Amino acid sequence: MNCRENCGACCIAPSIASPIPGMPEGKPAGVRCVNLNLDDYRCAIWGTASYPAVCERFAPSIDVCGASQIEALELIRVMELHTSL
């Protein structure tokens, strides 16, 4: 599966505990990553040496991405809740 155009749910919904470029304290769940372009919802540092390993390991799949950005945000939000317990 390829990333959905104009989605960016994986750059918004999950928390990231490790430092990432522009967010040295990590990223809280539900907060847009500072590297997410608002014009096309693509990562500005994807494919560069700065791209975080945690992001490389997050692969698109139907059980994470669903059928829309809204569904993806909800699926990832629920996963985030289950992993934070």
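Residues numbered from 1 in each chain as written. Predicted model: local features only at pLDDT ≥ 70, side-chain atom pairs only at ≥ 80, totals over all residues. Heavy atoms only, no water.

## Re the confidence of the model for the protein chain
Of the residues in the protein chain, 99% have a pLDDT of 70 or more, and the chain-wide mean is 94. Mean pLDDT across the secondary structure elements of the protein chain bottoms out at helix H1 (residues 53-56), with 92, and peaks at helix H2 (residues 62-65), with 95. (pLDDT = per-residue confidence, 0-100. Helix = DSSP H or I, 4+ residues; strand = E, 2+ residues; numbered from the N terminus.)

## A few points about the nonpolar core
Cys-11, Ile-12, Ile-16, Ile-20, Met-23, Cys-33 and Leu-36 together form the largest nonpolar core, which totals seven residues. With near-sequence residues (within four places) excluded, Cys-33 lies in contact with Cys-11, Ile-20, Met-23 and Lys-27. Formed by six residues, the second largest nonpolar core is a distinct cluster that contains Cys-7, Ala-9, Ala-13 and Val-64. (Core = buried A, V, L, I, M, F, W, Y, C linked by side-chain atoms within 4.5 Å. Buried < 20%, exposed > 50% of the residue type's maximum accessible area, 1.4 Å probe, protein only. Contact = heavy atoms within 4.5 Å.)

## Regarding helix H3 (residues 69-83)
Here H3 is 15 residues long and its end C-alpha atoms lie 21 Å apart, about the 21 Å a rise of 1.5 Å per residue gives. Taken together, the buried positions of H3 are Ala-72, Ile-76 and Glu-80. Angular distribution of buried residues about the axis of H3 spans 70 degrees; they occupy a single face of the element. Facing away from the buried surface of H3 by more than 90 degrees, the exposed residues are Ile-70 and His-82. (Expected span 1.5 Å × (residues − 1). Arc of directions from axis to C-beta.)

## Regarding the pattern of salt bridges
One pass over the full model with this rule turns up one salt bridge. Its salt-bridge partner being Glu-74, residue Arg-77 comes within 2.7 Å of it at the nearest N-O pair. Residue Arg-77 and its partner Glu-74 are located together in helix H3, separated by three residues, close to a single helical turn. Arg-77 sits in the partly exposed class, given a relative accessible area of 41%. (Salt bridge = Lys/Arg side-chain N within 4 Å of Asp/Glu carboxyl O.)

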